[in-house]
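Observations on the three-dimensional arrangement
Take a look at the letters that make up each chain.
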Amino acid sequence: MSEENKNCRHVAIIMDGNGRWAKAQGKPRTAGHLAGADNVRTIAIAASNLGVEYLTLYAFSTENWKRSADEVNYIMKLPSFFFGKYMKEFIDRGFRMHMLGELDRLPAETRKVLDDAVEQSKQNTGLNLSIAINYGSQREILLAAKHYAEDVAEGKASLDLSEEQFESYLMTAGMPNVDLLIRTSGELRISNYLLWQIAYAELEFVPEAWPEFTPEVLARCIDQFNNRDRRFGGIKDE
Ligand code: IPE
Ligand code: IPE
Ligand code: MG
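Reading guide: rules and limits
- Residues numbered from 1 in each chain as written.
- Chains lettered and ligands numbered in written order.
- Predicted model: local features only at pLDDT ≥ 70, side-chain atom pairs only at ≥ 80, totals over all residues.
- Heavy atoms only, no water.
- Salt bridge = Lys/Arg side-chain N within 4 Å of Asp/Glu carboxyl O.
- Helix = DSSP H or I, 4+ residues; strand = E, 2+ residues; numbered from the N terminus.
- Buried < 20%, exposed > 50% of the residue type's maximum accessible area, 1.4 Å probe, protein only.
- Pairing = 2+ DSSP bridges.
- Axes fitted to C-alpha atoms, helices over the stretch in contact; angles between N-to-C directions.
- Parallel < 35°, antiparallel > 145°, perpendicular 65-115°, else oblique.
- Left-handed = near helix turned anticlockwise from the far one by under 90°.
- Contact = heavy atoms within 4.5 Å.
- Nonpolar A, V, L, I, M, F, W, Y, C, P; charged D, E, K, R; others polar.

Now for the pattern of salt bridges. The tally for this structure, following the rule as stated, stands at 23 salt bridges. Salt-bridge contacts for Asp 116 lead to Lys 112; the nearest nitrogen and oxygen are separated by 2.7 Å. Of this pair, Asp 116 and Lys 112 both sit in helix H4 (residues 108-120), four residues apart, which is roughly one turn of the helix. Using a relative accessible area of 48% as the deciding quantity, one classes Lys 112 as partly exposed.

For the rest of this paragraph, the subject is the pairing of strand S1 (residues 10-14). The side chains of a regular strand alternate, residue by residue, between the two faces of the sheet. The buried fraction of S1 is high, at five of five residues. Of the two faces of S1, the one carrying His 10, Ala 12 and Ile 14 and the one carrying Val 11 and Ile 13 are both buried. Of the pairings in the sheet, the one linking S1 to strand S2 (residues 54-61) comprises five bridges and is parallel in character. Looking at S2, one finds that His 10 is bridged to Tyr 54. With four bridges joining them, S1 and strand S5 (residues 180-183) adopt parallel strand pairing. Pairing of Val 11 across the sheet is with Leu 180, part of S5.

Where helix H2 (residues 29-49) meets helix H3 (residues 69-92), the closest approach of the two axes is 10 Å, and the angle between their N-to-C directions is 30°. Between H2 and H3, the interaxial angle falls into the category roughly parallel. For the crossing formed where H2 meets H3, the hand is right-handed. The residues of H3 that touch H2, namely those facing Arg 29, Thr 30, His 33, Leu 34, Ala 37, Asp 38, Val 40, Arg 41 and Ile 45, are Glu 71, Tyr 74, Ile 75, Leu 78, Phe 81, Phe 82, Lys 85, Tyr 86, Glu 89 and Phe 90. Of the residues in the contact of H2 with H3, the class split is 11 nonpolar, two polar and six charged.

Okay, here's the thing in structure tokens:
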């Protein structure tokens, strides 16, 4: 890891703007999702080269089911295309895949492709690449609370719960909290993403749509992160 980037371990990105990017080029929204999927590879490689240890990408939210069946069906087929094209390379690069979200609600074929990607890369020790799919942070926290309550009822957990122990019930269990959250395409909102994990994240909102978010823009965001003064509620030494 580069010395300058020793503090930016976990980058999360809300990959927004695929539809508008496609429309601006006179193409259907699905063309934006296809270009967006290809850009996941480009940015994962760039993040790994920049010393990022965890890259967590928002691909499909629990709210995105509201979209047309055509668009949802297209997005659900993308993992097969994406991992078919890039999985071998990811293995060679040492990437370890993780999924965040309720995968059991996805079409069976989509789920299989995602499970296989996790399984095939589980020995890898390079970039931890997490894809949030059918993910919603409120749902994640609710499920964690339910799971914890069950453990208490079964005598497996005590009522004395720390923040760290609660984190072990989240879908991001075992990962450090987010250092830098980036949202593309100019929207200034969080859209139900990693609400617990971004408690002290630095935020960057960039105008580029996801398909045009380049390694240079990522490097700029990380530079800005490294120039910020993270106080975590304390006071900077004079
Ligand atoms: C992000 O791009 C991808 C998903 C949410 C699945 P959008 O599809 O939201 O693109 P815009 O925001 O409509 O341009
Ligand atoms: C957030 O983008 C979800 C993903 C990028 C997967 P949306 O486009 O769904 O968010 P809103 O609707 O603008 O808040
Ligand atoms: Mg959007």
